[in-house]
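Coordinate inspection notes
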Amino acid sequence: MANHASAAKRDRQSKVRRLRNRMNKSKVHTAIRRVDDALAAAGAQDGVQEVLKKAMSVIHKTAGKGTLHKNTAARKISRLTKRVNRTLAAA
């Protein structure tokens, strides 16, 4: 338990930030899972490209908010794009 007002405020702020970061990371995981699901279906190539574009947007926004490091976001996008391109090329 915080013994000073400033420590109590810091505790409140960190709880809010932790929940916000958790929510943003969850959005990233969901976006990546949707790309994987679209690849598994692999019926329409346009659908996969559209889902990938949305996932890239979510990842970029999360990095912009400071939840993910810029390089982590770039790595996730790169790997996701490579996976999509590899799967579509094989189809």
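Here we summarise the structure given alongside this text.

Quick look at helix 1 (residues 5-41)
With 37 residues, helix 1 should reach 54 Å at 1.5 Å per residue; the first-to-last C-alpha distance of 54 Å fits that figure. Listed as buried for helix 1 are N24, V28, A31, I32, V35, A38 and L39. Looking at the buried positions of helix 1, the neighbouring elements they touch are helix 2 (45-64) and helix 3 (70-90).

Here's the deal with the nonpolar core
V35, V48, I59, L80 and V84 are the most contacted members of the largest nonpolar core, which totals 17 residues. Taken together, the elements giving at least two residues each to this core come down to helix 1, helix 2 and helix 3. Ranked by residues supplied to this core, first place goes to helix 1 with 6 residues. Among all residues touching V84, those that are not within four sequence positions of it are V35, L39, V48, Q49 and L52.

Here's the deal with the packing of helix 1 against helix 2
Between helix 1 and helix 2, whose axes approach to 9 Å, the crossing angle comes to 165°. Here helix 1 lies roughly antiparallel to helix 2, going by the angle between them. Where helix 1 crosses over helix 2, the handedness of that crossing is left-handed. The residues of helix 2 that touch helix 1, namely those facing N24, K27, V28, A31, I32, R34, V35, A38 and L39, are V48, V51, L52, A55, V58, I59 and T62. For the contact of helix 1 with helix 2, the per-class residue count stands at 12 nonpolar, 2 polar and 2 charged.

Regarding the pattern of salt bridges
One pass over the full model with this rule turns up 2 salt bridges. In this structure, D11 and K15 form a salt bridge, with 3.3 Å as the shortest nitrogen-oxygen distance. With a gap of 4 residues between them, D11 and K15 both fall in helix 1, about one helical turn apart. Residue D11 is classed as partly exposed on the basis of its relative accessible area of 34%. Note that D36 and R83 form a salt bridge whose closest N and O atoms lie 2.4 Å from each other. Residue D36 is located in helix 1, and its partner R83 is located in helix 3; the two are separated by 47 residues in the primary sequence.

What counts as what
- Residues numbered from 1 in each chain as written.
- Predicted model: local features only at pLDDT ≥ 70, side-chain atom pairs only at ≥ 80, totals over all residues.
- Heavy atoms only, no water.
- Helix = DSSP H or I, 4+ residues; strand = E, 2+ residues; numbered from the N terminus.
- Expected span 1.5 Å × (residues − 1).
- Buried < 20%, exposed > 50% of the residue type's maximum accessible area, 1.4 Å probe, protein only.
- Contact = heavy atoms within 4.5 Å.
- Core = buried A, V, L, I, M, F, W, Y, C linked by side-chain atoms within 4.5 Å.
- Axes fitted to C-alpha atoms, helices over the stretch in contact; angles between N-to-C directions.
- Parallel < 35°, antiparallel > 145°, perpendicular 65-115°, else oblique.
- Left-handed = near helix turned anticlockwise from the far one by under 90°.
- Nonpolar A, V, L, I, M, F, W, Y, C, P; charged D, E, K, R; others polar.
- Salt bridge = Lys/Arg side-chain N within 4 Å of Asp/Glu carboxyl O.

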